[in-house]
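Report on the structure
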Amino acid sequence: MEKLLKYDSIAELVNEAEKRGVKLSQLVLKSQAAIAEKSEEEMFKTMERSLQVMKESVQDGLDPVKRSASGLTGGDAFKMNEVLKAGKTMVGPFFGNAMVKAIAVAQTNACMGRIVASPTAGSCGILPAALLTLQEEKNIPDKDLVMALFTASAVGIVIATNASVAGAAGGCQAECGAASAMAAAAMVELCGGTPKQCEHACAIALKNILGLVCDPVAGLVEIPCIKRNAGGVGNALVAAELALAGVESHIPADEVIVAMKKVGDMMSSTLKETAEGGLATTPTGKKLCEKVFG
């Protein structure tokens with residue numbers, strides 16, 4: 001009988017994967033199938049559908065004329081993509097492509113389109129942008145991306161178990177932070193990294209975004225959330241590159257997650273999705289709120 005994993009520690013998952021000599025994704029798929037009392041094939045197909053939705057959400061977000069109901073956002077992914085196609089990005093095609101995809105998916109969410117909350121709607125652009133850009137860059141088959149999503153999901157579950165993935169509970173560090181950590185770990189595995197390197201990538205990504213507040217203008221998941229998705233995928237790329245280069249996090253991932261929880265608990269409620277602080281209360285933020293709600 002398959003051992004049921006607890007998902008309360010990144011280190012335990014890594015140790016179990018190393019003990020079995022398998023990738024984190026293989027370990028998680030087998031465990032999740034046992035927990036759900038389904039076959040691995042069924043679990044794989046379910047995750048495969050999520051990958052397809054991610055791809056569709058990128059395309060939907062590239063629409064140059066679609067705008068959110070508030071009228072505050074829309075069209076930015078198209079603008080960035082035009083610059084990318086013209087070869088005028090400062091950061092090159094890889095990072096530029098990742099930015100386009102992150103903004104596109106986040107815009108799809110703002111326009112009430114279908115997305116995969118990974119782990120939340122507010123941070124939905126980071127994981128798909130990271131994986132789909134890497135797929136295009138290195139010609140990775142879909143089946144490998146689906147497996148990487150199992151690695152990402154495991155990281156998300158551990159963070160949700162020990163801290164939070166909700167901006168209302170922990171600030172944007174919990175949303176874009178968790179998404180960055182999930183993406184970083186998944187990318188490391190896709191690039192041949194070890195389970196331990198996945199753990200380091202997770203820790204580095206979370207450390208880089210520790211303390212980020214959730215301050216949506218007018219209470220809508222648009223400003224600054226959409227652009228933070230672009231920043232989040234950049235953070236994931238940094239963490240993954242460092243981990244693959246052999247750079248280690250001196251603070252273990254599990255301790256970083258606990259620290260994030262403590263920071264979130266200390267954070268004022270005005271900075272946790274209430275639109276009562278941060279950018280939401282700037283003069284322009286207030287004007288935009290009046291524009292939307294009168």
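Structural notes, computed from the coordinates. Computed from a predicted model, the values in this text were never measured in an experiment. (Residues numbered from 1 in each chain as written. Predicted model: local features only at pLDDT ≥ 70, side-chain atom pairs only at ≥ 80, totals over all residues. Heavy atoms only, no water.)

**A look at helix α12 (residues 253-266)**
Compared with the 20 Å implied by 1.5 Å per residue over 14 residues, the 20 Å span of α12 between its first and last C-alpha is a close match. Three or more residues of α12 are buried, namely Ala253, Asp254, Val256, Ile257, Met260 and Gly264. End-on view of α12: buried residues confined to an arc of 160°, all on one side of the axis. Among the exposed residues of α12, those pointing more than 90 degrees away from its buried face are Lys262 and Met266. Packing partners of the buried residues in α12 comprise α1 (10-20), α7 (142-162), α8 (167-170), α9 (172-190) and α10 (195-208). (Helix = DSSP H or I, 4+ residues; strand = E, 2+ residues; numbered from the N terminus. Expected span 1.5 Å × (residues − 1). Buried < 20%, exposed > 50% of the residue type's maximum accessible area, 1.4 Å probe, protein only. Arc of directions from axis to C-beta. Contact = heavy atoms within 4.5 Å.)

**Observations concerning the pattern of salt bridges**
Applying the stated criterion across every chain, the model contains 13 salt bridges. Here Glu16 and Arg20 are joined by a salt bridge, their closest N and O atoms 2.9 Å apart. Note that Glu16 and Arg20 are positioned in helix α1 at a spacing of 4 residues, about one turn of the helix. Accessibility expressed as a relative area gives 9% for Glu16, which makes it buried. Assessed through its relative accessible area of 32%, Arg20 is described here as partly exposed. (Salt bridge = Lys/Arg side-chain N within 4 Å of Asp/Glu carboxyl O.)

**Structural notes on the packing of α10 against helix α11 (residues 225-244)**
Running from N to C, α10 and α11 point in directions that differ by 140°, and their axes come no closer than 8 Å. The angle between the axes of α10 and α11 places the two elements in the oblique class. The crossing of α10 and α11 is right-handed. Where α10 abuts α11, its residues Gln197, His200, Ala201, Ile204, Ala205 and Asn208 lie against Asn235, Val238, Ala239, Ala240, Leu242, Ala243 and Leu244. The residue makeup of the contact of α10 with α11, split by class, is 9 nonpolar, 4 polar and no charged. (Axes fitted to C-alpha atoms, helices over the stretch in contact; angles between N-to-C directions. Parallel < 35°, antiparallel > 145°, perpendicular 65-115°, else oblique. Left-handed = near helix turned anticlockwise from the far one by under 90°. Nonpolar A, V, L, I, M, F, W, Y, C, P; charged D, E, K, R; others polar.)

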